[in-house]
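# A structural walkthrough
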Amino acid sequence: MDTTKTILITGAAGFLGSHLCDRFIKEGYHVIGMDNLITGRLKNIEHLFKLKNFEFYNHDVSKFIHIPGQLDYILHFASPASPIDYLKIPIQTLKVGSLGIHNCLGLAKAKNARLMIASTSEVYGDPQVHPQTEEYWGHVNPIGPRGVYDEAKRFQEAITMAYHTFHQVETRIVRIFNTYGPRMRLNDGRVLPAFIGQALRGEDLTIFGDGSQTRSFCYVDDLVEGIYRLLHSDISMPINIGNPNEISIGDFAEEIIKLTGTDQKVIYKDLPVDDPKQRQPDITKARTLLNWEPKIDRAEGLKRTYAYFKGLTTEELNEKDHINFDKFIIK
Ligand SMILES: NC(=O)c1ccc[n+]([C@@H]2O[C@H](COP(=O)([O-])OP(=O)(O)OC[C@H]3O[C@@H](n4cnc5c(N)ncnc54)[C@H](O)[C@@H]3O)[C@@H](O)[C@H]2O)c1
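Rules used throughout
Residues numbered from 1 in each chain as written. Predicted model: local features only at pLDDT ≥ 70, side-chain atom pairs only at ≥ 80, totals over all residues. Heavy atoms only, no water. Phe/Tyr/Trp six-rings, centres within 6.5 Å; stacked < 30°, edge-to-face > 60°. Buried < 20%, exposed > 50% of the residue type's maximum accessible area, 1.4 Å probe, protein only. Helix = DSSP H or I, 4+ residues; strand = E, 2+ residues; numbered from the N terminus. Lys NZ or Arg CZ within 6 Å of the ring centre and 35° of its normal. Expected span 1.5 Å × (residues − 1). Contact = heavy atoms within 4.5 Å. Near = heavy atom within 4 Å. Polar contact = N/O pair within 3.5 Å; in protein donor to acceptor, adjacent residues only side chain to side chain. Areas by Shrake-Rupley, 256 points an atom, 1.4 Å probe, with all protein chains shown as cover. Nonpolar A, V, L, I, M, F, W, Y, C, P; charged D, E, K, R; others polar. Pairing = 2+ DSSP bridges. Right-handed = clockwise from strand over helix to strand, strands pointing away. Axes fitted to C-alpha atoms, helices over the stretch in contact; angles between N-to-C directions. Salt bridge = Lys/Arg side-chain N within 4 Å of Asp/Glu carboxyl O.

This model, assessed by the stated rule, comprises 13 aromatic pairs. The interplanar angle of 55° and the centroid separation of 5.8 Å between the aromatic rings of phenylalanine 49 and phenylalanine 54 together place this pair among those described as tilted. On the basis of relative accessibility, which here comes to 38%, the residue phenylalanine 49 falls in the partly exposed class. Judged by relative accessible area, which is 6%, phenylalanine 54 ranks as buried. Ring centres of tyrosine 180 and tyrosine 219 lie 5.5 Å apart, and the angle between their planes is 70°; on these two criteria the pair is classed as edge-to-face. Note that tyrosine 180 is positioned in strand β7 (residues 179-180) and tyrosine 219 in strand β10 (residues 218-219), a separation of 39 residues in sequence. Comparing tyrosine 180 with tyrosine 219, the two get one shared label, buried. Through successive ring pairs, a cluster of aromatic residues spans Tyr180, Phe195, Phe217, Tyr219 and Phe252. For the cation-ring pair, arginine 23 lies above tyrosine 228, with the distance from its terminal atom to the ring centre recorded as 4.3 Å.

Pasting the structure below:
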């Protein structure tokens, strides 16, 4: 009897999805990657195409999903994830967080598979509690610009919990805090690739606001380890995974300038609406229940990430936006 476990990973061609594909392949799983390539790219997973235990479906998960045969796990990671992306495609963002998860939960129920969703620190909105524990209900503006993403993720948590309670589907909810590493898109609008891209192109680093707002960054390998442990645990309540080591954006810009050895200046622009001022995960639950904590500090993680970005071609470095959103937008 074949005891190989099969896992479906939606959003497989994205930053996190591709690293998860690598990890589960390494652990001996049969991995089915699914992605419609709206913000991801095949380059992130092309090294897997030659493998017998990897399959890829170019498919929109907001549409009905058919997977023949056995399925043991589903990781629903498909979703535009950066503000630049979800502001350009707000309806798709809401659809993947509602119709997409509904399809995945239906599939999990039919196959008796365990399902995990990629939730986010954005469910806490602009938090009034610091650091954020899983018990905090959040401070979200549903009709603000970030509402399309934040509320889609909150809905995902609600429907996932409902399937768990009413249909006994085995579910896991990971609340991911800012994560970084190789395969992020340089132009996805998130602060870390934005700073590195600007430094590599010889441009000044742009800070939105006065730079006093804080963020905490988790290296991708640490996050993947946390996800792997949570998936194999028996915890159905949400768990924060992130790195609590907080830094102000102003200090972070200085770190990037030092790392890249450039003498760029910092310029300041207006803070976007609803930009959270502070973000820091309380990871007590992950520490105690999963025996997990981040191992890779920012200096090491940034070194690895910078090495990846330095290896990009000049064309990739200067690419404004590789995504043809028009292809997906029904006007
Ligand atoms: N990176 C982070 O710091 C972070 C933080 C919190 C939560 N998350 C969550 O993790 C997941 C992955 O984020 P990421 O940073 O890798 O983003 P990403 O944009 O690199 O990856 C998302 C992937 O989902 C795919 N996708 C989007 N809509 C789809 C659809 N309808 N059908 C099929 N595929 C679709 C995209 O093409 C892309 O490959 C997202 O759900 C995101 O909300 C990420």
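Still to come is the rest of the account.
Glancing now at helix α4 (residues 147-167). Across its 21 residues, α4 extends 28 Å between first and last C-alpha, which sits within 8% of the 30 Å expected from 1.5 Å per residue. Within α4, the full set of buried residues consists of Gly147, Val148, Tyr149, Asp150, Ala152, Lys153, Gln156, Glu157, Ile159, Thr160 and Tyr163. Buried residues in α4 make contact with β4 (73-76), α2 (83-88), α3 (90-111), β5 (114-120) and β6 (171-176).

This next bit is on the site of the ligand. Taken together, 29 residues lie around the ligand, and Leu16, Asp35, Thr39, Tyr149 and Lys153 are the ones closest in. Here an oxygen atom of the ligand and a side-chain polar atom of threonine 39 are 2.7 Å apart. Between threonine 179 and the ligand, the recorded distance is 2.8 Å, taken from a backbone N or O atom to an oxygen atom. Protein burial of the ligand: of its 820 Å² of free accessible surface, 96% is covered by the chains. Going through the elements one at a time, α1 (15-26), β5 and α4 are the ones with two or more residues in the shell around the ligand. Of the residues belonging to the shell around the ligand, the class tally is 13 nonpolar, 12 polar and 4 charged.

A word on the pairing of β5. In terms of burial, β5 is largely enclosed, as 7 of its 7 residues are buried. Every second residue of β5 is oriented toward a common face, with Arg114, Met116, Ala118 and Thr120 on one face and Leu115, Ile117 and Ser119 on the other, all of them buried. Where β4 and β5 come together, 4 bridges link them in parallel fashion. Along β5, the bridge assignment pairs tyrosine 73 with arginine 114. With 6 bridges connecting them, β5 and β6 associate as parallel partners. Each residue of the ladder has a partner; that of isoleucine 117, found in β6, is isoleucine 173. A crossover links β5 with its parallel partner β6, the connecting element being α4, and its sense is right-handed.

So, on to the sheet that holds β6. Spatially, β3-β2-β1-β4-β5-β6-β11 is the arrangement adopted by the 7 strands of the open sheet, whose pairing is parallel. Two strands in the sheet have a free side with no partner beyond their single neighbour: β3 (54-58) and β11 (239-241). Averaged over all pairs of adjacent strands, the angle between strand axes in this sheet comes to 20°, irrespective of strand direction. The pairing of strand β1 (residues 6-10) with β4 spans 4 bridges and is classified as parallel. When the sheet's bridge partners are listed, isoleucine 7 is paired in β4 with tyrosine 73. Across the sheet, α4 lies against β4, β5 and β6, angled at about 155° from β5, the strand it touches most. Relative to the sheet, helix α6 (residues 220-231) contacts β1, β4, β5, β6 and β11, its axis offset from that of β6 by approximately 160°.

Bringing the pattern of salt bridges into the picture now. Close approach of charged atoms allows side chains of opposite charge to pair. Following the criterion strictly, the structure yields 21 salt bridges and no others. Between arginine 183 and aspartate 22 there is a salt bridge, and its shortest N-O distance comes to 2.9 Å. Here arginine 183, found in the loop between β7 and α5 (191-201), pairs with aspartate 22, found in helix α1; they are 161 residues apart in sequence, far enough to count as distant. You can call arginine 183 buried: its relative accessible area is 16%. Residue aspartate 22 is classed as partly exposed on the basis of its relative accessible area, which comes to 23%.

Honestly, it's all geometry; don't read function into it.
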